[in-house]
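The lines below spell out each chain.
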Amino acid sequence: MCFGRCAKCVGFLLLILAVCSIIANLLLYFPNGETRFARENQLSRYVWFFEGLAGAGLLMLIPAFVCIGLEEEDCCGCCGHRSCGRSCAMLGSVVAALIGVAGGGYCLIISALGLAEGPYCLQSNGMWGYPFRNTNAHYLSDHSTWSQCQEPHNVVVWNVTLFSILLGLSGIAIILCVIQVINGLIGGICGACCCPEKTQQYAC
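These figures come from a predicted structure and were not determined experimentally. (Residues numbered from 1 in each chain as written. Predicted model: local features only at pLDDT ≥ 70, side-chain atom pairs only at ≥ 80, totals over all residues. Heavy atoms only, no water.)

Considering the overall build of the chain
For step 1, the next point in the chain: For the chain, the count of helices and strands is five helices and five strands.
For step 2, the next point in the chain: In the chain, the order of α-helices and β-strands from amino to carboxyl end is α-α-α-α-β-β-β-α-β-β.
For step 3, the next point in the chain: Expressed as a percentage of its 204 residues, the buried residues of the chain come to 49%.
For step 4, the next point in the chain: Contacts spanning at least 24 positions in sequence make up 73% of the contacts within the chain whose residues lie at least 6 apart. (Helix = DSSP H or I, 4+ residues; strand = E, 2+ residues; numbered from the N terminus. Buried < 20%, exposed > 50% of the residue type's maximum accessible area, 1.4 Å probe, protein only. Contact = heavy atoms within 4.5 Å.)

Spelled out as structure tokens, the structure:
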């Protein structure tokens, strides 16, 4: 098995997930495409934790680009020893993957908290607040209660959809990063690699 090619596939998948997470997080700031709620700070507090922008977004780009670049390594140049270059690169990708796990975990936790608390909205009593805060997230299955939020329009659907997307994207990203941790450890310890012109394998 070529560990470098496996890492490259993981890297491209992480890149796609990171871009999608950034877009989903940005959309949370503009319910129904309106900007005034963000300007007036009338959004859920968990929207401002940048879980998709920073956690599953920018931090996830680190393992993504590291993994994408692994296959281009020429297996040389590590402390002057030709045979350990790929091993050093693969072990380095483990550190990058762990950063991705941390970023994805942060996004996962914040998104779950955002779903559990529900949106910040103008309630039927004319007050702004969190009408679903003490419902233990039961509002997610009871759609009849969603009408309690009058503004932003359809904010419950907006928040539930986007926080769920972030939850799913970060969960998949964590799984991919864990796969790369295992891939990097095996590839780094065993020193197996695939070079562009020929296949080489160094015994453990």
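Things to note about the UniProt feature "transmembrane region" (unreviewed entry) in the chain
For step 1, the next point in the chain: Within this structure's numbering, the places UniProt gives as "transmembrane region" (unreviewed entry) are residues 12-31, 46-70, 91-116 and 156-179.
For step 2, the next point in the chain: Annotated as residues 156-179, this span is 100% helix and 0% strand, and its ends, taken at the C-alpha atoms, are 34 Å apart. (UniProt positions renumbered as here; feature names shortened; annotations may be inferred.)

Observations concerning the packing of helix H1 (residues 3-28) against helix H3 (residues 51-70)
For step 1, the next point in the chain: Remark: H1 packs on H3, axes separated minimally by 7 Å, with the N-to-C direction vectors making an angle of 160°. Judged by the inter-axis angle, H1 sits roughly antiparallel to H3. Of the two elements, H1 crosses H3, and the hand of that crossing is left-handed.
For step 2, the next point in the chain: In terms of residue class, the contact of H1 with H3 is built from 20 nonpolar, five polar and two charged. (Axes fitted to C-alpha atoms, helices over the stretch in contact; angles between N-to-C directions. Parallel < 35°, antiparallel > 145°, perpendicular 65-115°, else oblique. Left-handed = near helix turned anticlockwise from the far one by under 90°. Nonpolar A, V, L, I, M, F, W, Y, C, P; charged D, E, K, R; others polar.)

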